[in-house]
Amino acid sequence: MASSSDPPSSNSSGGGVGGGGGYEIPWVEKYRPTKVSEVVGNVDAVSRLQVIARDGNMPNLILSGPPGTGKTTSILALAHELLGANCKEAVLELNASDDRGIDVVRNKIKMFAQKKVTLPQGRQKLIILDEADSMTSGAQQALRRTMEIYSSTTRFALACNTSSKIIEPIQSRCALVRFSRLSDQEILGRLMVVVDAEKVPYVPEGLEAIIFTADGDMRQALNNLQATYSGFRFVNQENVFKVCDQPHPLHIKNMIRNVIEGRFDDACVGLKQLYDLGYSPTDIITTLFRVIKNYDMEEYLKLEFMKETGFAHMRICDGVGSLLQLSGLLAKLALVRETAKPAGSF
């Protein structure tokens with residue numbers, strides 16, 4: 001445990017984010033890649049963007065995928081590589097937090113598209129619309145016309161979680177780049193870089209817990225790492241789950257083991273303990289699903305368990321979140337264990 005007392009002295013010089021310099025810069029920003037090639041994961045998507053950065057021939061883009069997978073980072077890095085020193089005056093970035101109704105498209109976006117900026121040969125101004133799927137339908141219709149009129153001088157990059165929420169005419173004018181959740185290995189690789197740079201004391205189980213809570217979201221992983229370090233000065237499993245306030249996977253694992261081994265009452269007692277600790281049914285069922293996904297059991301059983309958990313999750317999302325709903329799920333799982341047969345058996 002000597003390592004847990006290291007951090008204060010190692011950062012007392014104020015050099016690291018943990019010391020006198022305070023926490024002005026979140027690690028998410030501090031370690032945000034500035035080149036497309038530095039973006040972690042999604043190799044196919046990143047390689048397509050690298051080709052655009054190299055050739056300078058940028059189409060209108062839609063980047064779609066879950067949160068924290070590198071969409072905004074990629075497009076900002078691409079803008080830096082394409083426009084260099086002109087980036088400040090040749091890029092307009094609008095986020096979901098900005099007002100993006102039809103008036104903004106008609107005024108702000110149109111004015112920027114009309115603005116004259118001196119750029120290198122073959123380069124265009126860039127308008128980045130983050131969380132584009134939250135734009136109103138009217139705004140999207142107005143945007144479609146603007147994209148058409150100013151296509152010779154301005155390019156659009158739309159980042160969104162669900163590309164289907166963007167109207168078809170805009171989709172047909174853009175190249176679609178899909179991002180998917182990052183693998184545990186990719187997140188671990190980046191965490192190790194940050195841990196080494198910030199001299200964060202940790203145990204491997206602590207990083208495992210951070211990867212588990214992040215669920216393929218790099219932003220979440222770095223935020224959880226920084227929160228755990230700033231709160232406890234040591235990254236281990238217990239501290240991570242305290243900071244993230246998620247049910248401990250070991251409790252959930254014991255519940256599943258009790259169901260599989262036929263000890264239904266014990267599984268219900270474990271569930272009641274978690275519920276009494278104040279975790280919401282959504283937290284419990286989300287962690288339950290992730291644990292089942294990685295649990296070592298027969299494939300046919302795992303698929304049935306995941307199906308039942310999905311149905312229960314759907315009901316809880318509809319507002320029927322209660323202990324009864326979760327207990328019913330455990331009963332369903334116990335029933336599945338009794339009745340399910342491997343595929344092809346009679």
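Residues numbered from 1 in each chain as written. Predicted model: local features only at pLDDT ≥ 70, side-chain atom pairs only at ≥ 80, totals over all residues. Heavy atoms only, no water.

What follows deals with the layout of surface pockets. Here the largest pocket is characterised by a volume of approximately 530 Å³. What lines the largest pocket is a set of 22 residues, and nearest its centre among them are D184, E208, F212, P249 and N294. If you list the elements that add at least two residues to the lining of the largest pocket, you get α9 (184–198), α10 (204–214), α12 (237–244), α13 (249–260) and α15 (281–294). Sort the elements by how many residues they give to the lining of the largest pocket and α10 lands first, with five residues. In terms of residue class, the lining of the largest pocket is made up of nine nonpolar, five polar and eight charged. Two domains share the lining of the largest pocket, each providing at least three of its residues, namely domain 2 (184–244) and domain 3 (249–339). (1 Å grid on protein atoms, 1.4 Å probe; cavity = no way out; pocket = protein on both sides within 12 Å on 5 of 7 lines; lining within 4 Å. Points joined across faces, edges and corners; volume = space filled by probe spheres on them. Helix = DSSP H or I, 4+ residues; strand = E, 2+ residues; numbered from the N terminus. Nonpolar A, V, L, I, M, F, W, Y, C, P; charged D, E, K, R; others polar. Domains from an automatic or database assignment.)

The full count for this structure, using the stated rule, is one cavity of 30 Å³ or more. Its boundaries defined by the atoms lining it, the largest cavity holds a volume of some 70 Å³. Lining the largest cavity, in full, are G56, M58, L82, L83, G122, R123, Q124, K125, L126 and R155. Put simply, the parts of the chain that give the lining of the largest cavity at least two residues each are α4 (71–83) and β3 (125–129). Tallied by class, residues from the lining of the largest cavity come to four nonpolar, three polar and three charged.

A few words on the sheet that holds strand β2 (residues 91–94). On the basis of which strands lie adjacent, the open sheet formed by five strands has the order β2-β3-β4-β1-β5 and parallel pairing. A single partner strand is all that each edge strand has here, and the edge strands are β2 and β5 (175–178). Strand-to-strand twist in this sheet, taken as the mean axis angle between neighbours without regard to direction, amounts to 15 degrees. Note: β2 against β3, four bridges, orientation parallel. (Pairing = 2+ DSSP bridges. Axes fitted to C-alpha atoms, helices over the stretch in contact; angles between N-to-C directions.)

Moving on, we get to the nonpolar core. Formed by 50 residues in total, the largest nonpolar core has its most connected members in I187, L191, L225, I256 and F305. Beyond its immediate stretch of four places on either side in the chain, L191 contacts L207, I210, I211, A221, L222 and L225. Counting residues in hydrophobic clusters, the runner-up holds 24 residues, among them A53, L61, A79 and A90. (Core = buried A, V, L, I, M, F, W, Y, C linked by side-chain atoms within 4.5 Å. Buried < 20%, exposed > 50% of the residue type's maximum accessible area, 1.4 Å probe, protein only. Contact = heavy atoms within 4.5 Å.)

Turning our attention to the pattern of salt bridges. In total, this model carries 12 salt bridges according to the counting rule given. In this structure, K242 engages E238 in a salt bridge whose closest nitrogen and oxygen atoms are separated by 3.4 Å. Here K242 and its partner E238 are both found in helix α12, four residues apart, which amounts to about one turn of the helix. By relative accessible area, which is 47% here, K242 ends up partly exposed. Salt bridges here are not isolated pairs; linked through shared partners, they connect R145, E148 and R173. (Salt bridge = Lys/Arg side-chain N within 4 Å of Asp/Glu carboxyl O.)

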